[in-house]
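Observations on chain architecture
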Amino acid sequence: MLKQRIITALVLVALFLGLLFFVPMQWFAIVVAAIILLGGWEWANLSNLNRALRFVFLGALGAALVGTASYVFNFDFSSPDVDRARQILVVACGWWALAFLWVQGYPASAMLWGNRWARGLIGLVVLVPAWLSVVILQGLEHGAWLVLFVVAIVVAADVGAYFVGRKYGKHKLAREVSPGKSWEGFFGGLAACLVLALLVSYAFELPAKNTTLFTVGVLVTALASVIGDLVESMFKRHRGIKDSSRILPGHGGILDRLDSLTAALPVFTMAALASELHKYL
C-alpha cells in the first residue's frame, strides 16, 4: 500500500506541475473543470443521490461551470470584473465560516444539512467557487506560482498540525468528525503557515501594509483548509464511508485530495487580489 501511495503521489505531482506551468490558460481551465466534475460525481455519492440523480447533479454542476467559464475567459484583471469576482468569493468564504459551525455542532447540525438535496446544493457552493478561484489565480501574473503557494500553505498546515498534534495533542478539535485532530495540532499548523508567510514576505520585500494583509490572508487560508478537510470528513462520516471513491490508488478519491484546497483557494484568491501579491513576484 505504501509503494502504491508513493507511485500515485509522484504521478499526481508530475501531472499537476505539467498542467500548472506548461498548459495554456484555456486548456488549464478545461482540465481543472474536468477534475471538478469527477469530484462532483463523488460529491453526489456523499449526498446519497441515486444514479439518476447523480447525473442531474453533474448536469447542474456542468451548467454552472459553463456559465462561469463565459465570465472567466473574458476576465479583465484591470476592470470591475475583479470586484465582481471578490463578491463571489466573499459568498464562498462565508459558506466555509458557516460550515465550521456545522462541524462543531455535528451530529446535531445534520438536521440542517443532512437532506440529500441540501448536500447537493452545498456541493455546488463548494466546487464552483474552487474552480473559479484557481482559474482567476492562474490568470494573474506569475499565477502558476501563486497556485503552487496555496498548495504549500495547505501542506504546511497539514504537516505542522501532524507533528505538533502527535507530540502535544490532547484537546480534540472535532471529536465527532475527526477524532485524530487536536487544537494543539491546529495551532501548530497555523504557526507553520505564519513562518511561511513571513519568509515569503521577506523574500519578495513586500511593503508593511501588504505584508500584514498577506500574512492574515495566509493564516485565514490555513484555517479554511482545515475546515475543508473537516467538512468532507463530516459528510463521509454521515454517509458511512471512508473514502469519497477509489479512483486514485492508495489515496481514495479526488475529493480526498482536494478537500482542503476547495476551501483554501477562494480565501487565498481574495488575499492575493487584496494584497496585489502578483505585482511583487
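Data block above holds the structure.
Throughout what follows, the structure given in this document is the object of discussion. Since the structure is predicted, the reported quantities are computational estimates derived from the model, not experimental observations. (Residues numbered from 1 in each chain as written. Predicted model: local features only at pLDDT ≥ 70, side-chain atom pairs only at ≥ 80, totals over all residues. Heavy atoms only, no water.)

**Observations regarding the pattern of salt bridges**
Side-chain pairs of opposite charge can arise whenever the charged atoms involved come near each other. What counts here: In what follows, salt bridge is the name for a side-chain nitrogen of Lys or Arg lying within 4 Å of a carboxyl oxygen of Asp or Glu. Runs of H or I in DSSP of at least four residues are treated as helices and runs of E of at least two as strands, each being numbered from the N terminus. Burial classes: relative accessible area under 20% of the type maximum marks a residue as buried, over 50% as exposed, and values in between as partly exposed (1.4 Å probe, protein chains only).
What the rule picks out here adds up to two salt bridges. When the shortest N-O distance is used, the salt bridge between K236 and D256 registers 2.9 Å. Here K236 is found in helix α9 (residues 208-239), whereas its partner D256 is found in helix α10 (residues 254-275), with 20 residues between them in sequence. With respect to class, K236 is no different from D256; both count as buried.

**Quick word on helix α7 (residues 143-168)**
Rules: Expected helix span is taken as 1.5 Å per residue step, with the number of steps being one fewer than the number of residues.
Its 26 residues give α7 an end-to-end C-alpha distance of 37 Å, which sits within 8% of 38 Å, the value for a rise of 1.5 Å per residue. Those residues of α7 that fall on the buried side of the exposure criterion are G143, A144, L146, V147, F149, V150, I153, V154, A156, A157, G160 and G165.

**Considerations on unusual backbone geometry**
With an omega of 10°, the peptide bond between Y106 and P107 qualifies as cis. Relative to the helices and strands, P107 is located in the loop between α4 (81-105) and α5 (110-113). With phi around 65°, N48 is a residue other than glycine that occupies positive phi space.

**Thoughts on the packing of α7 against helix α8 (residues 183-203)**
Rules: Orientation is described by lines fitted to C-alpha atoms, with helices fitted over the stretch in contact, and by angles between N-to-C directions that extend from 0 to 180 degrees. Angles below 35 degrees are treated as roughly parallel, those above 145 as roughly antiparallel, those between 65 and 115 as roughly perpendicular, and all remaining angles as oblique. Handedness of a crossing follows from how the near helix is turned relative to the far one, being left-handed for an anticlockwise turn of less than a right angle and right-handed for a clockwise one. Should any heavy atoms of two residues lie within 4.5 Å, those residues are considered in contact.
Between α7 and α8, the least distance of the axes is 6 Å, while the angle of their chain directions is 140°. Regarding the angle of α7 to α8, the classification is oblique. Relative to α8, the crossing made by α7 is right-handed. On the side of α7, the interface is formed by F149, A152, I153, A156, A157, G160, A161, V164, G165 and Y168, while α8 contributes E184, G185, F186, G188, G189, A192, C193, L196 and V200.

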